[in-house]
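Breakdown of the fold
In case you want the letters, here they are:
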Amino acid sequence: MSKTMLDKSEEVLETEVCAADQKMINLFGRLNNRKHELLREKKSKQEDLEKATDSQDDLFIADDDSKFKYSMGEAFLEVNKEDAESMIEKYINQLEEDIKKIDSDVNDINEKHKELKVLLYAKFKGSINLEE
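As the structure is a prediction and not an experimental result, all values here were calculated from the model. (Residues numbered from 1 in each chain as written. Predicted model: local features only at pLDDT ≥ 70, side-chain atom pairs only at ≥ 80, totals over all residues. Heavy atoms only, no water.)

Next up on the list: the pattern of salt bridges. All chains considered together, the criterion is met by nine salt bridges. Across the pair Asp103 and Lys42 runs a salt bridge whose closest N-O atoms are separated by 2.6 Å. A residue pair is termed long-range when its members are at least 10 positions apart, and Asp103 in helix H3 (residues 81-124) and Lys42 in helix H2 (residues 19-61) qualify at 61 residues. For Asp103, a relative accessible area of 28% puts it in the partly exposed group. What makes Lys42 buried here is its relative accessible area of 19%. For Lys45, the salt bridge goes to Asp98, with nearest N and O atoms at 3.2 Å. Here Lys45 is found in helix H2, whereas its partner Asp98 is found in helix H3, with 53 residues between them in sequence. Both residues of the pair, Lys45 and Asp98, belong to the buried class. (Salt bridge = Lys/Arg side-chain N within 4 Å of Asp/Glu carboxyl O. Helix = DSSP H or I, 4+ residues; strand = E, 2+ residues; numbered from the N terminus. Buried < 20%, exposed > 50% of the residue type's maximum accessible area, 1.4 Å probe, protein only.)

Rendered as structure tokens:
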């Protein structure tokens with residue numbers, strides 16, 4: 001009786017899932033997990049970049065003959081202003097490169113997601129949900 005109450009657009013068709021379809025579904029899930037890992041990593045690197053930029057600003061206004069403690073792992077190195085500026089500049093450049101790489105990887109994943117969605121929605125229509 002409930003089936004007669006549904007509109008044609010609401011009917012869910014049973015579609016058999018073959019091995020190739022299951023591989024695409026699994027790939028979509030793995031890519032989605034990787035995307036979320038990358039986004040968390042990007043957020044962390046952006047926070048580090050903000051801290052490094054603040055440190056760079058603090059160095060800019062400091063005295064030239066001051067010594068600075070630069071953190072490397074669990075140790076601190078005492079360095080002069082010029083060396084500290086150089087180290088922070090290298091660190092900022094590395095963070096910016098890392099963020100660009102993450103953005104590129106996320107874009108690649110989004111493109112692959114689009115391809116998989118087209119294929120999977122074409123076969124399974126409303127019986128599959130590939131939205132986050």
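Time to look at H2. Here H2 is 43 residues long and its end C-alpha atoms lie 63 Å apart, about the 63 Å a rise of 1.5 Å per residue gives. For H2, the complete set of buried residues consists of Asp21, Phe28, Leu31, Asn32, Lys35, Leu38, Lys42, Lys45, Leu49, Ala52 and Leu59. Considering only its buried residues, H2 is in contact with strand S1 (67-72) and H3. (Expected span 1.5 Å × (residues − 1). Contact = heavy atoms within 4.5 Å.)

With that out of the way, let us pick up the packing of H2 against H3. Look at H2 against H3: their axes get within 8 Å of each other, and the N-to-C directions meet at 160°. In terms of orientation, H2 lies roughly antiparallel with respect to H3. The two elements H2 and H3 meet at a crossing, and its hand is left-handed. Here the contact of H2 with H3 is built from residues that sort into 24 nonpolar, seven polar and 17 charged. (Axes fitted to C-alpha atoms, helices over the stretch in contact; angles between N-to-C directions. Parallel < 35°, antiparallel > 145°, perpendicular 65-115°, else oblique. Left-handed = near helix turned anticlockwise from the far one by under 90°. Nonpolar A, V, L, I, M, F, W, Y, C, P; charged D, E, K, R; others polar.)

The subject of this paragraph is unusual backbone geometry. Its identity as a non-glycine residue notwithstanding, Lys125 has a phi of 45°, on the positive side. Counting through the fold element by element, Lys125 comes out in the segment after H3. Lys125 sits in the exposed class, given a relative accessible area of 52%.

Turning to the pairing of strand S2 (residues 75-80), a few remarks are in order. Examined bridge by bridge, S1 and S2 share six bridges and lie antiparallel to one another. Counted as the bridge partner of Ser71 is Phe76 from S2. Between S1 and S2, which pair antiparallel in sequence order, lie two residues; one of them, Gly73, sits at a positive phi of approximately 70°. (Pairing = 2+ DSSP bridges.)

Our next topic: H3. When the terminal C-alpha atoms of H3 are compared, their 62 Å separation across 44 residues agrees well with the 64 Å that a helix rising 1.5 Å per residue should span. Of the residues flanking the start of H3, the one acting as N-cap is Asn80, its side-chain oxygen 3.3 Å from the backbone nitrogen of Glu82. Two residues or fewer past H3, Lys125 is found with a positive phi of approximately 45°. (Polar contact = N/O pair within 3.5 Å; in protein donor to acceptor, adjacent residues only side chain to side chain.)

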